[in-house]
Amino acid sequence: MRKNLTLSIGFPLLLISIFPCTALFLDRENVVLAQSTQTNQSQKSQADSLIKQAKQHLEVSQNLEAFNAYQQVLDIYRQLGDLQGEAESLNSQGTAYYNQDTLQSAWYGYKPIYFENFSSTKAEKSFKQALEIAKKIGNPKLEAEALMGLGRDVDRKSNQAEAIKYYEQALAIAKKIGDRQSEGRILNHLGAAHRSRAYFQKVLDYHQQALAVSKKISDRPLEASVLKELCSLYHDYDPNYIDKPSLSKIEMWQQSINYCQKSLDISSQIKDIPNTTKLLQFLSSNYEDVISKEQVIKYYQQTLLIAKQTNDRDLQKKTITSLGNTYHELGQYQKAINFYFQALKFEPPVLETAIHSENLVMYSLYKDIARSYGELKQYTQAIDYYTRSLAIAKFYNKNNRGIVKSVSFTEEDILLSLGDAYYDSNNYQKAIDNYQESLSIYRKDVRIQVRIGMREMEEGSIKA
């Protein structure tokens with residue numbers, strides 16, 4: 001009886017001792033699972049936020065910022081094992097890289113933005129990885145984007161025929177799934193790829209199709225990009241090499257200006273600062289026979305405003321110098337001098353022995369100031385600034401033998417201009433001395449020899 005009682009009491013005690021441990025184990029497992037789920041959700045939320053930021057950066061040509069955001073997203077998706085997210089990030093990284101590459105190479109004077117440890121080789125690898133994943137998970141949209149990226153890669157390597165094949169594959173997929181945004185971009189790239197093949201009408205057709213798509217889906221960044229391509233197309237093609245040309249060169253340029261201005265308007269509205277700047281520089285630098293100097297000045301003033309707002313000192317300096325050159329061409333020499341002196345404020349006070357672009361700019365600015373003073377018949381000032389420019393040229397001739405000529409620090413031209421300034425100020429002997437020194441540097445220049453002879457003859461006739 002006591003034995004049975006012991007058993008009946010012991011069994012419940014055993015259960016009581018086991019169940020709390022089991023319950024505790026299950027609770028811990030649930031906590032770990034909950035924490036893991038919470039971590040994944042937090043990472044997914046972070047990735048979604050980064051993607052939103054990256055897309056906004058891409059729309060306004062902030063390509064490095066977009067690239068960096070997609071790199072973070074890529075790391076998150078790989079940790080989560082999210083193949084679709086990984087493929088999207090790989091495609092987008094490559095796109096950011098090539099968008100920047102296009103911006104730098106196709107438009108005048110753009111300051112390079114560097115992608116650390118990332119090159120065209122890695123961009124190609126990214127697109128190929130994305131293509132492999134897209135096929136694996138059966139995502140045609142990502143497949144089309146990867147093919148478009150590969151097309152851009154080989155297009156940049158001057159293999160247009162292969163690029164067109166990639167683009168055509170991508171276009172077929174985009175049309176099949178109704179992805180109008182990708183369709184518009186691919187059509188735009190197809191136009192660019194055909195350009196080097198001299199098919200003006202075919203290039204024009206592709207860009208016009210892309211433009212129609214961009215307007216249909218209200219894609220403003222795409223519309224601005226297509227208009228920019230049309231601007232470039234009409235600027236670059238020579239009517240003599242087009243079958244049945246309907247426009248003269250000037251008329252082609254007028255069309256180019258029209259498209260550029262439309263692209264500029266949209267880029268300004270969506271606050272795409274890099275492309276806005278490029279379009280302003282392109283317009284102000286390429287249409288001297290079509291655009292008035294007053295309009296060129298307006299473009300420079302808009303560029304200068306952007307440069308100040310973004311604290312881009314290099315762009316400020318270049319634009320101020322360009323304003324000086326334009327006012328000189330208009331015959332407003334004092335105004336030109338004022339801008340040149342503003343540009344000089346950006347230059348370092350001490351010259352370095354090594355070749356630097358800043359020093360070349362100072363050398364050129366002194367020449368420009370002297371030239372404008374010469375036009376104002378203020379020869380003392382002209383001689384002063386030609387002498388300063390000459391000192392820089394001699395400094396580099398002395399310290400950088402063998403490479404000076406490649407960066408245009410030319411003594412002989414300054415000496416020639418200095419000789420003219422001395423001659424115009426009636427100091428004929430000084431003029432001849434500078435001409436002779438110039439000739440000793442560059443004896444084969446017949447132009448200098450003729451000028452020396454003429455000045456000596458004139459001096460003789462004056463003395464007589």
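The coordinates are above.
From a predicted model like this one, the values you see are computed outputs, not experimental measurements. (Residues numbered from 1 in each chain as written. Predicted model: local features only at pLDDT ≥ 70, side-chain atom pairs only at ≥ 80, totals over all residues. Heavy atoms only, no water.)

Undergrad: So what exactly am I meant to see when it comes to the overall build of the protein chain here?
TA: The secondary structure content of the protein chain amounts to 19 helices and zero strands. Here the contacts in the protein chain between residues at least 6 apart in sequence split such that 57% fall between residues at least 24 apart. For the protein chain, the computed accessible surface area is about 25000 Å², with 51% contributed by carbon and sulfur atoms. (Helix = DSSP H or I, 4+ residues; strand = E, 2+ residues; numbered from the N terminus. Contact = heavy atoms within 4.5 Å. Areas by Shrake-Rupley, 256 points an atom, 1.4 Å probe, with all protein chains shown as cover.)

Undergrad: In this structure, what is going on with the packing of helix α16 (residues 379-399) against helix α17 (residues 411-424)? I would like to understand it.
TA: Geometry of a packed helix pair, given as the angle between the helix axes and the separation of the axes. Running from N to C, α16 and α17 cross one another at 160°; their axes reach a closest spacing of 9 Å. Overall, the two elements α16 and α17 adopt an arrangement that is roughly antiparallel. Along this stretch, α16 crosses α17, giving a crossing that reads as left-handed. Across from Tyr 379, Ile 383, Tyr 386, Thr 387, Ser 389, Leu 390, Ala 393, Lys 394 and Asn 397 in α16, the residues of α17 making contact are Glu 411, Ile 414, Leu 415, Ser 417, Leu 418, Ala 421, Tyr 422 and Asp 424. Residue classes in the contact of α16 with α17 are distributed as 10 nonpolar, four polar and three charged. (Axes fitted to C-alpha atoms, helices over the stretch in contact; angles between N-to-C directions. Parallel < 35°, antiparallel > 145°, perpendicular 65-115°, else oblique. Left-handed = near helix turned anticlockwise from the far one by under 90°. Nonpolar A, V, L, I, M, F, W, Y, C, P; charged D, E, K, R; others polar.)

Undergrad: Which parts of the structure should I look at to understand the packing of helix α9 (residues 220-236) against helix α10 (residues 249-269)?
TA: Running from amino to carboxyl end, α9 crosses α10 at an angle of 160°, the nearest separation of the two axes being 7 Å. Here α9 lies roughly antiparallel to α10, going by the angle between them. Here α9 runs over α10; the crossing is left-handed. Every residue of α10 that contacts α9 at Arg 220, Glu 223, Ala 224, Leu 227, Lys 228, Leu 230, Cys 231, Tyr 234, His 235 and Asp 236 is listed here: Lys 249, Met 252, Trp 253, Gln 255, Ser 256, Tyr 259, Cys 260, Lys 262, Ser 263, Ile 266, Ser 267 and Gln 269. Here the contact of α9 with α10 is composed, by residue class, of 10 nonpolar, six polar and six charged.

Undergrad: Got a minute to help me understand the pattern of salt bridges in this structure?
TA: Should the charged atoms of two oppositely charged side chains come close, the side chains can pair. The tally for this structure, following the rule as stated, stands at 18 salt bridges. One salt bridge in this structure joins Glu 347 and Lys 317, with 3.5 Å as the shortest N-O distance. Of the two residues, Glu 347 sits in the loop between α14 (333-344) and α15 (357-375) while Lys 317 sits in helix α13 (residues 313-329), which places them 30 residues apart along the sequence. Like Lys 317, Glu 347 is buried. One salt-bridge network, in which partners are shared between bridges, spans Glu 124, Lys 128, Asp 153 and Lys 157. (Salt bridge = Lys/Arg side-chain N within 4 Å of Asp/Glu carboxyl O. Buried < 20%, exposed > 50% of the residue type's maximum accessible area, 1.4 Å probe, protein only.)

Undergrad: Help me understand the nonpolar core in this model?
TA: Counting residues in each nonpolar core, the largest one holds 107 residues, and the members touching the most others are Ile 186, Phe 200, Leu 283 and Tyr 287. Not counting the four nearest positions on each side in its chain, Tyr 287 is found in contact with Cys 231, His 235, Trp 253, Ser 256, Ile 257 and Phe 282. Membership of the second largest hydrophobic core comes to six residues, among which are Ala 47, Ile 51, Val 73 and Tyr 77. (Core = buried A, V, L, I, M, F, W, Y, C linked by side-chain atoms within 4.5 Å.)

Undergrad: Any chance you could explain α10 here in plain terms?
TA: Every α-helical turn comprises 3.6 residues, leaving residues that sit three or four positions apart pointing alike. Compared with an ideal rise of 1.5 Å per residue, which puts 21 residues at 30 Å, α10 spans 30 Å between its outermost C-alpha atoms and is within 8% of the ideal. Taken together, the buried positions of α10 are Met 252, Trp 253, Ser 256, Ile 257, Tyr 259, Cys 260, Ser 263, Leu 264, Ile 266 and Ser 267. Residues of α10 that are buried sit in contact with α8 (200-216), α9, α11 (273-286) and α12 (293-309). (Expected span 1.5 Å × (residues − 1).)

Undergrad: Please clarify how α13 should be interpreted in this entry.
TA: For α13, built from 17 residues, the straight-helix expectation of 24 Å at 1.5 Å per residue is met to within 8% by its first-to-last C-alpha distance of 24 Å. The buried count for α13 comes to 12 of 17 residues, which makes it a mostly enclosed element. Its side-chain oxygen at 3.3 Å from the backbone nitrogen of Asp 314, Asp 312 defines the N-terminal cap of α13. A positive backbone phi angle near 85° is found at Gly 331, which sits one or two residues after α13. (Polar contact = N/O pair within 3.5 Å; in protein donor to acceptor, adjacent residues only side chain to side chain.)

Undergrad: Can you help me understand the state of the cysteines in this one?
TA: Between two cysteines, a covalent bond joining their sulfur atoms is known as a disulfide. The final tally for this structure, using the stated rule, is one disulfide. Each sulfur of the disulfide joining Cys 231 and Cys 260 lies 2.0 Å from the other. The chirality of the disulfide connecting Cys 231 with Cys 260 is left-handed, given an S-S dihedral of about -60°. A residue pair is termed long-range when its members are at least 10 positions apart, and Cys 231 in helix α9 and Cys 260 in helix α10 qualify at 29 residues. Summarising the burial analysis for this pair, Cys 231 and Cys 260 share the class buried. (Disulfide = S-S within 2.5 Å.)

Undergrad: Where do I start with the packing of aromatic side chains in this structure?
TA: Between two aromatic rings, the relevant description is the distance of the centres plus the angle of the planes. For the structure on display, the rule yields 16 aromatic pairs. Plain terms: the ring middles of Phe 67 and Phe 115 are 4.9 Å apart, the flat faces sit at 90° to each other, and that makes the pair edge-to-face. Here Phe 115 lies in the loop between α3 (83-106) and α4 (120-137) and Phe 67 lies in helix α2 (residues 63-80), a separation of 48 residues in the sequence. For the residue pair Phe 67 and Phe 115, the accessibility class agrees, reading buried in each case. For the pair Phe 282 and Tyr 287, a centre-to-centre distance of 6.1 Å together with 80° between the ring planes defines the contact as edge-to-face. Residue classification places Tyr 287 among the buried positions, given a relative accessible area of 1%. (Phe/Tyr/Trp six-rings, centres within 6.5 Å; stacked < 30°, edge-to-face > 60°.)

Undergrad: It is not clear to me how the side chain of Glu 229 should be interpreted in this structure. Could you clarify?
TA: Residue position: Glu 229 is located in helix α9. When residues no more than four places from it in sequence are discounted, the contact partners of Glu 229 are Asn 188, Ala 192, Arg 195 and His 207.

Undergrad: I tried to follow the side chain of Arg 195 on my own but got confused; where do I start?
TA: Note that Arg 195 resides in helix α7 (residues 180-195). In this structure Arg 195 comes out as buried when scored by relative accessible area, which is 15%. A polar atom in the side chain of Arg 195 sits 2.9 Å from the side chain of Ser 232.

Undergrad: It is not clear to me how the environment of His 235 should be interpreted in this structure. Could you clarify?
TA: For His 235, the location among the structural elements is in helix α9. By relative accessible area, which is 14% here, His 235 ends up buried. Taking the C-alpha atoms as reference points, His 235 and Glu 251, separated by 16 residues in sequence, lie 9.9 Å from one another.

Undergrad: Would you mind showing me how to read the environment of Lys 202 here?
TA: Relative to the helices and strands, Lys 202 resides in helix α8. With a relative accessible area of 39%, Lys 202 lands in the partly exposed category. Counting along the chain gives 11 residues from Lys 202 to Gly 191, while the straight-line C-alpha distance between them is 7.3 Å.

Undergrad: How do you make sense of unusual backbone geometry when you look at a structure like this?
TA: Residues other than glycine predominantly adopt negative phi, and peptide bonds predominantly adopt the trans conformation. A positive phi is found at Ser 61, a non-glycine position, where the angle reads about 65°. Its location among the elements puts Ser 61 in the loop between α1 (2-59) and α2. A residue is classified by how much of its surface remains accessible, and Ser 61, at 9% relative accessible area, is buried. Backbone geometry at Lys 377 places phi at a positive 65°, although glycine is not the residue there. Assignment of secondary structure puts Lys 377 in the loop between α15 and α16.

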